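Here is how the chains run, residue by residue.
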Amino acid sequence: MAMAKEFHITLKDHVFTPSEIVIPANTKVKLIIHNEDDTLEEFDSFDLNREKVLFPGRAGRIFIGPLPKGQYEYFGEYFPNSARGLVIVEAENAG
């Protein structure tokens, strides 16, 4: 069985970097979110139907997909104005 492709996101100063990630459609992937802040945050996404507590100085893992082509928003529950991001799902073999 193939391992899920990993995508890394860093949370620092209450900002997700990169703020947009592109993943292939119809594929299960693993998001690894590194919380470099000294405060607790919660990764939240109504679009992805996921939430995950992110402890300070630790990494959280979330599996998403397989998803159809589209855009899926996520945010930090405690700092929603700055901690925002987008998962962009593109058709495989695009381009």
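Scroll up to find the structure.
Here the residue numbering is sequential within each chain, running from 1 through the sequence in written order. Local features in this predicted model are restricted to residues of pLDDT 70 or higher, and side-chain atom pairs are both shown and tallied only at a pLDDT of 80 or more, whereas totals for entire chains, interfaces and linings draw on every residue. Note that the side-chain values use all heavy atoms of the structure and ignore hydrogens as well as water.

1. Here's the deal with the overall build of the protein
Next, step 1: Strands here are runs of E lasting at least two residues and helices are runs of H or I lasting at least four, both read from the DSSP assignment and numbered beginning at the N terminus. Secondary structure assignment for the protein yields 0 helices and 9 strands.
Next, step 2: Going from the N terminus to the C terminus, the protein shows its helices and strands as β-β-β-β-β-β-β-β-β.
Next, step 3: Radius of gyration: C-alpha atoms only; globule rule: 2.2 Å multiplied by the number of residues to the exponent 0.38. The C-alpha radius of gyration of the protein comes to 13 Å, within 12% of the 12 Å expected for a compact globule of 95 residues.
Next, step 4: Along the three orthogonal principal directions, the C-alpha set of the protein runs to about 40 × 30 × 25 Å.
Next, step 5: Throughout this description, buried means an accessible area under 20% of the type-specific maximum (1.4 Å probe, protein chains only), exposed means over 50%, and partly exposed covers the range between. Counting across all 95 residues of the protein, residues that qualify as buried make up 37%.
Next, step 6: Any two residues whose heavy atoms approach within 4.5 Å at even a single point are treated as in contact. Summarising the internal contacts of the protein: among those between residues at least 6 apart in sequence, 58% fall at separations of at least 24.
Next, step 7: Total accessible area computed for the protein in this model is approximately 5800 Å², and 50% of it derives from carbon and sulfur atoms.
Next, step 8: Residues scored as charged are limited to Lys and Arg (positive) and Asp and Glu (negative), so that His and the chain ends carry no count. For charged residues, the charge sits on one atom: NZ in Lys, CZ in Arg, CG in Asp, CD in Glu. Here the protein holds 10 positive side-chain charges and 15 negative ones, and the gap between their average locations is 8 Å. In this description, accessible areas are obtained by the Shrake-Rupley approach with a 1.4 Å probe, and a residue is regarded as covered only by the protein chains that are shown.

2. Remarks on the environment of T17
Next, step 1: Within the secondary structure, T17 is located in strand β2 (residues 15-17).
Next, step 2: Judged by its relative accessible area of 48%, T17 falls in the partly exposed class.
Next, step 3: The residues touching T17, leaving out its near neighbours within four places in the chain, are I9 and T10.

3. Topic: the environment of E77
Next, step 1: By secondary structure assignment, the location of E77 is in the loop between β8 (70-76) and β9 (84-90).
Next, step 2: When the C-alpha atoms of E77 and E42 are compared, they prove to be 5.3 Å apart, with 35 residues separating the residues in sequence.
Next, step 3: Beyond its immediate sequence surroundings of up to four residues, E77 is in contact with E41, E42 and D44.

4. Quick look at the pattern of salt bridges
Next, step 1: Each salt bridge in this description consists of a side-chain nitrogen of Lys or Arg and a carboxyl oxygen of Asp or Glu lying within 4 Å of one another. One pass over the structure, following the stated rule, counts 2 salt bridges.
Next, step 2: Taking the shortest distance from any N to any O, the salt bridge between E6 and K30 comes out at 3.4 Å. One end of the pair, E6, is in strand β1 (residues 5-12); the other, K30, is in strand β4 (residues 29-35), and 24 residues separate them in sequence.
Next, step 3: Look at E6 and you get partly exposed, because its relative accessible area is 36%.
Next, step 4: Ionic pairing is found between E73 and R84, a salt bridge with its closest N-O pair at 3.6 Å.

5. Concerning the nonpolar core
Next, step 1: Among the nonpolar cores identified, the biggest contains 21 residues, and F16, I23, L31, F43, I64 and V87 are the most heavily contacted of them.
Next, step 2: Those elements giving two or more residues to this core turn out to be β1, β3 (20-24), β4, β7 (59-64), β8 and β9.
Next, step 3: If sequence neighbours within four positions are ignored, F16 has contacts with I9, T10, L11, I33, F43, L54, Y74, F75, G76, A83 and R84. In plain words, nonpolar cores are sets of buried Ala, Val, Leu, Ile, Met, Phe, Trp, Tyr and Cys residues tied together by side-chain atoms within 4.5 Å.

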